[in-house]
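# A structural walkthrough
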Amino acid sequence: MRDVAPYTMLAAGYDVVMEHVDYDAWAEYVHGLLRRFAPGTRTILELGCGTGSLAGVLQSLGEYEYLATDRSVEMLAVAEAKADFEGSNVEFAVADFLDFSTDRSVDAVILLYDGINYVLEPDGIAQVFRGVRHSLKVGGLFIFDLSTPANSVNNAGWFEDEGEADAFRFRRSSVYDPDTRVHVTTLEMAIESESFREVHHERAYAVEDIRPLLEEAGFQVEAVLDGFTMKAADSGSERVHWVARRVRDRSAKAPVPTFPPNAAPPSS
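Below you will find a few notes about this structure. (Residues numbered from 1 in each chain as written. Predicted model: local features only at pLDDT ≥ 70, side-chain atom pairs only at ≥ 80, totals over all residues. Heavy atoms only, no water.)

### Comments concerning the sheet that holds strand 8 (residues 168-177)
This is how the line gets drawn: Strands pair, by our definition, only if DSSP identifies at least two bridges between them. Here a helix means four or more residues in a row that DSSP labels H or I, a strand means two or more in a row labelled E, and each is numbered from the N terminus.
Spatial strand order, 1-10-9-8-7: five strands in an open sheet with mixed pairing. Only two strands of the sheet have a single neighbouring strand rather than two, namely strand 1 (2-3) and strand 7 (161-165). Where strand 1 meets strand 10 (residues 194-203), two bridges bridge the pair, whose relative direction is parallel. Its bridge partner being in strand 10, Asp3 is matched across the sheet by Arg197.

### What to know about the sheet that holds strand 12 (residues 239-246)
Worth spelling out the cut-off: Between N-to-C directions, angles span 0 to 180 degrees; the directions come from axes that are lines fitted to C-alpha atoms, helices contributing only their stretch in contact.
Reading across from one edge, 4-3-2-5-6-12-11 is the order of the seven strands in this open sheet, with mixed pairing throughout. Only two strands of the sheet have a single neighbouring strand rather than two, namely strand 4 (91-94) and strand 11 (219-226). Strand-to-strand twist of the sheet, defined as the mean angle between neighbouring strand axes without regard to direction, takes the value 20°. By the bridge criterion, seven bridges tie strand 6 (residues 136-147) to strand 12 in an arrangement that is antiparallel. The residue of strand 12 that forms the bridge with Phe142 is Ala244.

### Quick notes on helix 7 (residues 207-216)
Going by this rule: Only protein chains enter the area calculation, which uses a 1.4 Å probe; residues under 20% of their type maximum are buried, those over 50% are exposed, and those in between are partly exposed. Picture the helix axis, draw a direction to every C-beta atom, and the arc is the one those directions span. Any two residues whose heavy atoms approach within 4.5 Å at even a single point are treated as in contact.
Ile210, Leu213 and Leu214 are the residues of helix 7 that are buried. All buried residues of helix 7 lie within an arc of 100° about the axis, which places them on one face of the element. Relative to its buried face, helix 7 has exposed residues pointing more than 90 degrees away, namely Glu208 and Glu216. Buried residues along helix 7 sit against helix 5 (122-135), strand 6, strand 11 and strand 12.

Now the structure itself:
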């Protein structure tokens, strides 16, 4: 079995592994947050878009000008193929949300699917927040989610599963360390006649870990929501959705994702 980097060989069967996720409902939820907190949103930058399942649905709900990015070239290749097949208007670009830039500011940035949980240290999260700030117009919205320690503790029984489709088979196992709050997931995959292993490290964060980092980066927290609801998150929330607004302008410019050169800039 060959060890490979996260989201390389997994790309071939990511949609099989994630078939339990209701992307339609997730897109409706985010669209609702945008309409409530930033009704004039026209341009969206998605970080960590994976295979583009959310992007395709969300873009169509608001006919947004939509750029979806991911660090994994393999995941983006799947996303682009799906978008071509579905006739989607989503644009794609390779970008690492720990180190990215935009050629012009956007109305909203989103980062979902536990993306922030892959950043294992607070300094890294602060770096992500600074990059997002540079990408947003003043007043623009940042929507992201976090898996909390409660999720890892309460759902320990679901940490192992397996499945297959066509020439892809997988077995997933996980272990959570409550002291470090690091969650390690191992995916063993068989693709045709070859076997691969990816090891994913995530850290669970509580609300109080994140709020000061957001505020220091120049964001005003608009809402901290429990799961897919409009209720305020609490210590028992397993997934938290954050809605934050860029309120301070700082001098710093941002080298990667760009919207199509023929796209009209958003109105101020």
